[in-house]
Amino acid sequence: MTAPESSGAEEVGHVHSDVSGGWLRPAVFGAMDGLVTNIALVAGVGGSGAGAHFIVLSGVAGLVSGAFSMALGEYASVETQNNQVRAEMEVERRELREHPRAELAELVESYVDMGLTEDTARRVATEVHRDPELAVRVHLTQELGVDPTEQPSPWLAGISSFFCFAVGALFPLLPYLLGYDSLPAGLLVGGVGLVIAGAVVARFTTRPWWLNGLRQLLFGAIAAGATYLVGSLIGVSAGG
């Protein structure tokens, strides 16, 4: 019994993660920033001797303001990046119209640098240049490392960072919202959130989950320790 003939390209045995930066980067950045920001804020306000009411008030204010700041910043950043890519596309179109031979030679040289023979590189580059839009895409990919057809959505970046920041910032406030007036409990829950976030992020990398979790916990501890010290000093001087 013979194996069935392949009707086309064989199916690959793996699936790649989305690394284009559409949602993963702003989501991770938002969650980590929310956790570290509010853990540090809670530590600083708590270190000054303030009561639970002021800690919750400061934490909620930090959550809301930080989430909107993250969302607007991500939207503006991604939109600016996309506009820059579109501007570079126009530059490349103009160069292809005005200097087609020079652009062809540039693409040939790029393929040769990648390891292709000059004959193969010239044939591939010539084929690419038969389609002007394909030529623009390939030149931008080779020269700038970006694919103009796979640009991240500014709306997706903004919304994902908003919600992830809010969720992260909520962790150190949970004990207070549940009725516990305990700074150590708030910092402990925030630390658990950092470890969880680091472990989840590690799934998209080659780093062990426990190492990534401990790294995020260390970053949060440094920020919390610094703001707690500042809060203690300001609280003491204000009280004096």
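In case you missed it, the structure is sitting above this.
Figured I'd write up the structure that's included with this text.

Definitions and cut-offs
Residues numbered from 1 in each chain as written. Predicted model: local features only at pLDDT ≥ 70, side-chain atom pairs only at ≥ 80, totals over all residues. Heavy atoms only, no water. Helix = DSSP H or I, 4+ residues; strand = E, 2+ residues; numbered from the N terminus. Expected span 1.5 Å × (residues − 1). Buried < 20%, exposed > 50% of the residue type's maximum accessible area, 1.4 Å probe, protein only. Contact = heavy atoms within 4.5 Å. Polar contact = N/O pair within 3.5 Å; in protein donor to acceptor, adjacent residues only side chain to side chain. Phe/Tyr/Trp six-rings, centres within 6.5 Å; stacked < 30°, edge-to-face > 60°. Axes fitted to C-alpha atoms, helices over the stretch in contact; angles between N-to-C directions. Parallel < 35°, antiparallel > 145°, perpendicular 65-115°, else oblique. Left-handed = near helix turned anticlockwise from the far one by under 90°. Patch = residues over 30% accessible without salt bridge, like charges linked within 9 Å, V, L, I, M, F, W, Y side chains within 5 Å. Areas by Shrake-Rupley, 256 points an atom, 1.4 Å probe, with all protein chains shown as cover. Salt bridge = Lys/Arg side-chain N within 4 Å of Asp/Glu carboxyl O. Lys, Arg positive; Asp, Glu negative; His and termini not counted. Charge placed at Lys NZ, Arg CZ, Asp CG, Glu CD.

Regarding helix α5 (residues 132-144)
Point 1. With 13 residues, α5 ought to run about 18 Å at 1.5 Å a step, and its terminal C-alpha atoms sit 18 Å apart, in line with that.
Point 2. All of the buried residues along α5 are Ala135, Val136, Val138, His139 and Leu140.
Point 3. In this fold, the buried residues of α5 make contact with α2 (52-98), α3 (100-114) and α4 (118-129).
Point 4. Two to three positions downstream of the cap, the backbone nitrogen of glutamate 133 sits 3.2 Å from a side-chain oxygen, assigning the N-cap of α5 to aspartate 131.
Point 5. At the exit of α5 stands glycine 145, carrying a positive phi of roughly 75°.

A closer look at the packing of aromatic side chains
Point 1. Evaluation of the coordinates by the stated rule reveals 3 aromatic pairs.
Point 2. Judged by centre distance (5.0 Å) and plane angle (75°), the ring pair of phenylalanine 68 and phenylalanine 162 falls under edge-to-face. With phenylalanine 68 in helix α2 and phenylalanine 162 in helix α6 (residues 154-170), this pair connects stretches of sequence that are 94 residues apart.
Point 3. The exposure class of phenylalanine 68 is partly exposed, given its relative accessible area of 47%.
Point 4. Phenylalanine 162 gets classed as partly exposed once you look at its relative accessible area, which sits at 24%.
Point 5. Taken together, a centroid distance of 5.3 Å and an interplanar angle of 80° make the contact between phenylalanine 162 and phenylalanine 163 edge-to-face.
Point 6. You can call phenylalanine 163 exposed: its relative accessible area is 53%.
Point 7. Aromatic rings pair up to connect Phe68, Phe162 and Phe163 into one cluster.

Overview of the packing of α3 against α5
Point 1. One way to put it is that α3 packs onto α5 with a least axis distance of 11 Å and a crossing angle of 50°. Classified by the interaxial angle, the pair formed by α3 and α5 is oblique. Remark: the crossing between α3 and α5 carries left-handed chirality. Along its contact with α3, which presents Glu103, Glu106, Leu107, Ser110, Tyr111 and Met114, the element α5 presents Val138, His139, Gln142 and Glu143.

Quick look at a negative patch on the surface
Point 1. Where like charges cluster on the molecular surface, the negative patch consists of Glu106, Glu109, Asp113 and Glu143.
Point 2. The element that contributes the greatest number of residues to the negative patch is α3, accounting for 3 residues.
Point 3. We classify glutamate 106 as partly exposed; its relative accessible area is 35%.

Some details on the environment of leucine 107
Point 1. Within the secondary structure, leucine 107 is located in helix α3.
Point 2. Linking leucine 107 and alanine 125, residues 18 residues apart in sequence, is a C-alpha distance of 6.1 Å.
Point 3. In contact with leucine 107, other than residues within four places in its own chain, are Ala125, Val128, His129, Val138, His139 and Gln142.

Concerning the environment of proline 100
Point 1. The topology assignment puts proline 100 in helix α3.
Point 2. Its relative accessible area of 42% is what places proline 100 among the partly exposed residues.
Point 3. Spatially, the C-alpha atom of proline 100 lies 8.6 Å from that of histidine 129, the residues being 29 residues apart in sequence.
Point 4. What proline 100 contacts, discounting residues up to four positions off in sequence, is Glu95 and His129.

Looking at the pattern of salt bridges
Point 1. Under the counting rule described, the total for this entry stands at 8 salt bridges.
Point 2. The partner of glutamate 133 in a salt bridge is arginine 93, with the nearest N and O atoms 2.9 Å apart. In this pair, glutamate 133 sits in helix α5 while arginine 93 sits in helix α2, placing the two residues 40 residues apart along the sequence.
Point 3. Measuring nitrogen to oxygen at the nearest pair gives 3.3 Å for the salt bridge that ties aspartate 119 to arginine 123. One end of the pair is aspartate 119 and the other is arginine 123, both in helix α4 and 4 residues apart, which spans about a single turn.

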